[in-house]
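# Analysis of the macromolecular model
Residue strings, one per chain:
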Amino acid sequence: MLQRIQTIWTLLAVLAAVFLFITGQDIVISDAIPVLNIGCIILVITGALSIFSFKNRKRQILLNTISIIINALLIGVLAYWLLNLSGGIHFPEKGIEPIFPLIAVICLLIANIYIRKDERLVKSVDRLR
């Protein structure tokens, strides 16, 4: 059932990862490894897997938790990038990239709440049978 509310929240988290990928093209953290691009691609893949594994709610919770951890790491990486830029932190001048992982974490936490709510509903219906 793709029309559930947790699917919408997970889709919003995936869109935040896509926006971070698009707006984060000028961010250089490591010259050898594109950390931000790899993180965004992994987030989009885990989000898509979470959306399409709607029959397995435990897997959805696990994938969302993995996405939350990756987003938290990206927040740390982006904070490190902001602190190492010259001129101090001025968000309008330096971009809104750290906001996207924060939005994704909030959306994934709300999605996990609704997934757990569905899990409890299914277990209560199974007890009545």
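For the structure given in this document, a descriptive report is provided here. (Residues numbered from 1 in each chain as written. Predicted model: local features only at pLDDT ≥ 70, side-chain atom pairs only at ≥ 80, totals over all residues. Heavy atoms only, no water.)

The next point concerns the pattern of salt bridges. Side chains that carry opposite charge are capable of pairing whenever their charged atoms lie near each other. Per the counting criterion, the structure on display carries 2 salt bridges. With its nearest N and O atoms 3.2 Å apart, the salt bridge here joins R4 to D118. Of this pair, R4 sits in the segment before helix 1 (5-23) while D118 sits in helix 5 (residues 99-128), placing them 114 residues apart in sequence. Taking the relative accessible area as the measure of exposure, R4 reaches 9% and is therefore buried. For R57, the salt bridge is made with E119, and the minimal N-O distance between the two is 2.7 Å. Remark: E119 occurs in helix 5 and R57 occurs in helix 3 (residues 57-84); sequence separation between them is 62 residues. Using a relative accessible area of 17% as the deciding quantity, one classes R57 as buried. For E119, a relative accessible area of 17% puts it in the buried group. (Salt bridge = Lys/Arg side-chain N within 4 Å of Asp/Glu carboxyl O. Helix = DSSP H or I, 4+ residues; strand = E, 2+ residues; numbered from the N terminus. Buried < 20%, exposed > 50% of the residue type's maximum accessible area, 1.4 Å probe, protein only.)

By secondary structure assignment, the location of N71 is in helix 3. You can call N71 buried: its relative accessible area is 3%. Ignoring sequence-local partners within four residues, the contact set of N71 consists of L43, P101, A104, V105 and L108. (Contact = heavy atoms within 4.5 Å.)

Counting 19 residues, the largest nonpolar core has L20, L36, L74 and L78 as its most contacted members. Elements that contribute at least two residues to this core include exactly helix 1, helix 2 (35-52), helix 3 and helix 5. No other element matches the 6 residues that helix 3 contributes to this core. Residue contacts for L74: discarding those within four places in its chain leaves L20, L36, G39, L43 and P101. (Core = buried A, V, L, I, M, F, W, Y, C linked by side-chain atoms within 4.5 Å.)

Attention now moves to helix 2. In this model, helix 2 (18 residues) spans 26 Å end to end at C-alpha, consistent with the 26 Å of a helix rising 1.5 Å per residue. When helix 2 is considered as a whole, its buried residues turn out to be L36, G39, C40, L43, T46, G47, S50 and I51. Down the axis, helix 2 shows its buried residues gathered within 135° of arc, on one side only. (Expected span 1.5 Å × (residues − 1). Arc of directions from axis to C-beta.)

The next thing to look at is the environment of D118. By relative accessible area, D118 is classed as partly exposed at 22%. Separated by 61 residues in the primary sequence, D118 and R57 have C-alpha atoms spaced 8.3 Å apart. The residues contacting D118, other than those within four sequence positions of it, are R4, Q6 and R57.

Where helix 1 contacts helix 2, the two axes come as close as 9 Å, and the packing angle between them is 160°. The angle between helix 1 and helix 2 falls in the class roughly antiparallel. For the pair helix 1 and helix 2, the crossing hand works out as left-handed. Between helix 1 and helix 2, the residues in contact are T7, T10, L11, V14, A17, V18, L20 and F21 and L36, N37, C40, I41, L43, V44, G47, A48, S50 and I51, respectively. Of the residues in the contact of helix 1 with helix 2, the class split is 13 nonpolar, 5 polar and no charged. (Axes fitted to C-alpha atoms, helices over the stretch in contact; angles between N-to-C directions. Parallel < 35°, antiparallel > 145°, perpendicular 65-115°, else oblique. Left-handed = near helix turned anticlockwise from the far one by under 90°. Nonpolar A, V, L, I, M, F, W, Y, C, P; charged D, E, K, R; others polar.)

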